[in-house]
Every structure is written in C-alpha cells, then in structure tokens.
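# Survey of secondary and tertiary structure
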Amino acid sequence: MSLTSQQRIILVTGANKGIGFEVVKKLAKDSSLTNTVILLGSRDLKRGQDALTRLGCPNNVCVLHLDVTSLESILAAIDEIKCKHGGRLDVVINNAAIGDLEFTIDTARKMFSTNYYGMKTLNEHLLPLIRENGRVINVSSACGPIVLYEASKDLQDKYSSSTLNLEQLDCLVEDFISAVGTNTVGELGYNPKTLYLIYSVTKAAVISLTRIEARQWFDTKNILAFSVCPGLCATDMTNNAPDGSPAEVGADSILHLVNTDQSRLENGCFYRAGQQLPQIGMLSRKN
Ligand SMILES: NC(=O)c1ccc[n+]([C@@H]2O[C@H](COP(=O)([O-])OP(=O)(O)OC[C@H]3O[C@@H](n4cnc5c(N)ncnc54)[C@H](OP(=O)(O)O)[C@@H]3O)[C@@H](O)[C@H]2O)c1
C-alpha cells in the first residue's frame, strides 16, 4: 500500500471481533472515506489476521498488533505506525476492554489494567502522532453513569469535578482497587450491590479520563475527545446477550463521533446513539 501525504489513518483497538470489528468493517466500506487507512488493532496477531480475512482483505485495512496492557506492545505499534503508515493518526478509537463478573482484587487489577490504564497509557503515547483537529473516542458504557448514580455524593463530586486531574483520578481508581481487596467498597462510598461493580467503575473512570484529556488536548492541538456507550450488544463480552442489539448497531454509536461535525458535538462529553448523556444518572443499560 503506497502512502500519500493526504492519507488519513484511523486506529481501532480490540478490533478482531465484536463491536470493534464492526467499526472497522463499516469504515472500510464507507465510500466517503477516500484515501483512508484503517488500522485493525488486535492483541493477538493471528486473531487480527483472521479478522482481516473475514473482511475479505480490503486494501484499506491493515492489522496492527497491539496489546494495550503492554508498554512494549504500544511502543512497537507506534514504530509500525511510523514506519508503515506515515507516523500520523487522525482518529483513535479506544475500543479494547474486558469484562469479568468475579469480585477479587486480581480481577480488579486486570480489568483496570485494560479498560483504564491501557487506554490512558496508549493515549499518552499516541498523542504526539495525532494530527491537529484529530479525534480520540474512548469506549465506555452506561454502567459508568449508573455506578456513580448509586455512589455517595462525595464520589459523584470527585469523579465529575471540572478540575479533576490525572493524578487524582488514578488515586480514586487505586483506592477503589484496594477496597475491593479489603471488601470495603461500601465504606468508600460505592454501592456494593451495583451490578458489574468493578467493570462499571472502570467505565466511570473512562468518562472522567476523557473529560480530562479533552481539556488538556484541545488547548494544545485542537484534538477532540469523546466517550461513548455502544448500548447493549450481543457479543462475547455479554455472552451474546439475547436482548442485545447486533454489534453493528453498537458500532454506529461510535461512528457517530467519527463522522459528526465538531459544531454539533460537545468536546469531552459522553454519547450513545448520537445523544449526549449525563456523566451520572440511572440510564437504561440497553439502548
Ligand atoms: N457489548 C456490549 O453490550 C457493550 C456495552 C457497553 C460497552 N461496551 C464496550 O464496547 C467495547 C467493545 O466490547 P465488545 O462487546 O465488542 O467486546 P468483545 O467482543 O469481548 O471484544 C473485545 C475486544 O477487545 C480486545 N481486547 C481485550 N483485551 C485487550 C488488550 N489488552 N489489548 C488489546 N485488545 C484487547 C479483545 O481481543 P481478544 O479477542 O484477543 O480477546 C476483543 O477484540 C468495550 O469497550 C466494551 O466495554 C460493550
């Protein structure tokens, strides 16, 4: 594939299956995206290549080997973007995540390492590559606003503070992980009965992270950052939830933030199906 200076590059992490795969599929078929290359991120190269085969090997999609929990993998992916794709990114879609119902400190560490720290570290390292006016889309979930709705006022204020910084957000996250280990999440102000508690806190942290990133990056490079819920979809993560929508419907929620004009979006905010949603609220989990 030859590279031209006008070429746009879109990276989707965790795109070998599920919603991320459908995002790549739709981007690859979008005839308005001329001269755009889509990087199909996959932590397992073989699974990424199989996904490319399932797409019919379109010439505007390339597999990018990327495990967001590994700094080594992030640095190798950046080298590859520099060597093979011109070293510039227009849109980054942070879709990779894991879900687990187990309530242990090991599970909490693992989930935060992928869903929160993986995203944060990747974004920090990709920032120099992202073009002026580029976009970063962080995939969250309605579970994030719900877990904060069911949490104490103090936690609600901390997660949604307009002056929250990355260090303070890391502290909130670390306090939560420790409290999972000591079974004291209730004392911290979380509701131990909230469904999918650990996963939900990772997603609340993603929404806060996005607000901070939007604030920091807009001033420096006019980069927009959004968080998004794809809505309940039938994927491996949800054990193919019978009441879930097809993954391609979830992909549309994400693509709305790729395609909608900047004037119709609010930087740093949380969206689902084209609608802006509150950071804290008893949202429906489904749509
Ligand atoms: N499905 C839903 O109802 C729903 C609802 C709200 C939000 N979401 C969010 O939507 C996103 C996509 O979810 P999904 O339902 O499509 O899940 P999925 O089918 O389980 O796919 C998750 C993807 O993330 C990848 N991944 C996991 N850990 C990774 C890592 N360390 N580095 C890179 N990639 C990694 C997986 O790769 P492997 O194949 O190698 O495991 C897979 O490609 C997630 O952020 C999820 O939290 C989903």
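Residues numbered from 1 in each chain as written. Predicted model: local features only at pLDDT ≥ 70, side-chain atom pairs only at ≥ 80, totals over all residues. Heavy atoms only, no water.

## Quick notes on empty space enclosed by the protein
Note the cut-off: Think of a 1 Å grid over just the protein atoms. A cavity is a set of points where a 1.4 Å probe fits yet cannot get out, a pocket is an open set with protein on both sides within 12 Å along at least five of seven lines, and lining residues have an atom within 4 Å of a point. Grid points are joined across faces, edges and corners, and a volume is the space filled by probe spheres set on the points. For helices the rule is a DSSP run of H or I covering at least 4 residues; for strands it is a run of E covering at least 2, with both sets numbered from the N terminus onward. Under the scheme applied here, ten amino acids are nonpolar (Ala, Val, Leu, Ile, Met, Phe, Trp, Tyr, Cys and Pro), four are charged (Asp, Glu, Lys and Arg), and all others, including Gly, are polar.
In total, this model carries one cavity of 30 Å³ or more according to the counting rule given. Estimated volume of the largest cavity: approximately 40 Å³. Around the largest cavity sit T13, V68, N94, N95, A96, T114, G118 and M119, which together line it. The dominant element in the lining of the largest cavity, judged by the number of residues it contributes, is helix α4 (residues 105-126), at three residues. In terms of residue class, the lining of the largest cavity is built from three nonpolar, five polar and no charged.

## Here we look at the packing of aromatic side chains
For any pair of aromatic rings, the description consists of the separation of the ring centres together with the inter-plane angle of the planes. For the record, the criterion: Ring pairs shown here join Phe, Tyr and Trp side chains whose ring centres sit within 6.5 Å, with only the six-membered ring taken for Trp; geometry is labelled stacked below 30 degrees between planes, edge-to-face above 60, and tilted in between.
The final tally for this structure, using the stated rule, is four aromatic pairs. With a centroid separation of 4.8 Å and an interplanar angle of 65°, the aromatic rings of Y116 and Y117 are classed as edge-to-face. Residues F226 and Y271 carry aromatic rings whose centres are separated by 6.0 Å and whose planes lie at 80° to one another, so their mutual orientation is edge-to-face. On the criterion of sequence distance, the pair formed by F226 in strand β6 (residues 224-229) and Y271 in strand β7 (residues 270-272) is long-range, its members being 45 residues apart.

## Concerning the pattern of salt bridges
Oppositely charged side chains are able to pair whenever their charged atoms sit close together. The criterion, for reference: We define a salt bridge as a contact between a side-chain nitrogen of Lys or Arg and a carboxyl oxygen of Asp or Glu at a distance within 4 Å. Burial status follows relative accessibility: with a 1.4 Å probe on protein chains alone, a residue under 20% of its type maximum counts as buried, one over 50% as exposed, and anything between as partly exposed.
With the rule as written, the count across this model stands at nine salt bridges. With its nearest N and O atoms 2.9 Å apart, the salt bridge here joins K46 to D50. Within this pair, K46 and its partner D50 are both found in helix α2 (residues 45-54), separated by four residues, close to a single helical turn. Residue K46 is classed as exposed on the basis of its relative accessible area, which comes to 52%. Judged by relative accessible area, which is 31%, D50 ranks as partly exposed.

## Quick look at the nonpolar core
To keep things clear, this is the line we draw: The set of buried Ala, Val, Leu, Ile, Met, Phe, Trp, Tyr and Cys residues whose side-chain atoms join them within 4.5 Å is what this entry labels a nonpolar core.
Ranked by internal contacts, the top residues of the largest apolar core, which has 34 residues, are V12, V23, I93 and I137. Counting 32 residues, the second largest nonpolar core, distinct from the first, contains A108, V147, L172 and Y199.

## Focus on the pairing of strand β5 (residues 130-139)
Within a regular beta strand, the side chains point alternately toward one face of the sheet and then the other, so they alternate between its two faces. To keep things clear, this is the line we draw: With the strands aimed away from the viewer, a crossover counts as right-handed if its path from the first strand over the helix to the second runs clockwise. The criterion for strand pairing is that DSSP finds at least two bridges linking the strands in question.
The element β5 is largely enclosed, with a buried count of seven among its ten residues. Each parallel crossover has a hand, and the one from strand β4 (residues 89-94) via α4 to β5 is right-handed. Relative to β6, β5 runs parallel, the two being bridged by five bridges. Its bridge partner being in β6, V139 is matched across the sheet by V228.

## Focus on the site of the ligand
In plain terms, the rule: Working definition: residue near molecule or strand if any one of its non-hydrogen atoms lies within 4 Å of it. Here a polar contact means two N or O atoms within 3.5 Å. Within protein one must be a hydrogen donor candidate and the other an acceptor candidate, and residues neighboring in sequence count only if both atoms are side-chain atoms. Methods summary: accessible areas were calculated by the Shrake-Rupley approach with a probe of 1.4 Å, and residue burial reflects only the protein chains presented. More than half of a molecule's atoms within 2 Å of the grid points is what it takes for that molecule to sit in a cavity or pocket.
In the region of the ligand, 29 residues are neighbours, and N16, R43, Y199, C233 and T235 sit closest. I19 places a main-chain nitrogen or oxygen 2.8 Å from an oxygen atom of the ligand. Note that an oxygen atom of the ligand is positioned 2.7 Å from one of the backbone N or O atoms of C233. Relative to its unbound accessible surface of 900 Å², the ligand loses 95% to contact with the protein. The cavity that encloses the ligand is the largest pocket. At the level of secondary structure, the elements contributing two or more residues to the shell around the ligand comprise α1 (18-29) and α9 (197-221). For the shell around the ligand, the class distribution of residues is twelve nonpolar, eleven polar and six charged.

## Examining the environment of V12
Mapped onto the secondary structure, V12 falls in strand β1 (residues 8-12). A residue is classified by how much of its surface remains accessible, and V12, at 0% relative accessible area, is buried. Counting along the chain gives 39 residues from V12 to A51, while the straight-line C-alpha distance between them is 13 Å.

## Some thoughts on the environment of R264
In this structure, R264 sits in the loop between α10 (247-259) and β7. Sequence separation of R264 and D79 is 185 residues, and the distance between their C-alpha atoms is 35 Å.

## Comments concerning α4
Definition in use: Given the number of residues in a helix, its expected span is that number minus one, multiplied by 1.5 Å. A residue's bend is the angle separating two fitted axes: one through the seven residues that end there, the other through the seven that start there.
Helix length check: α4, at 22 residues, gives a terminal C-alpha distance of 29 Å against a target of 32 Å (1.5 Å per residue), a fit within 8%. Its axis deflected by about 45° at S113, α4 carries its strongest bend there.

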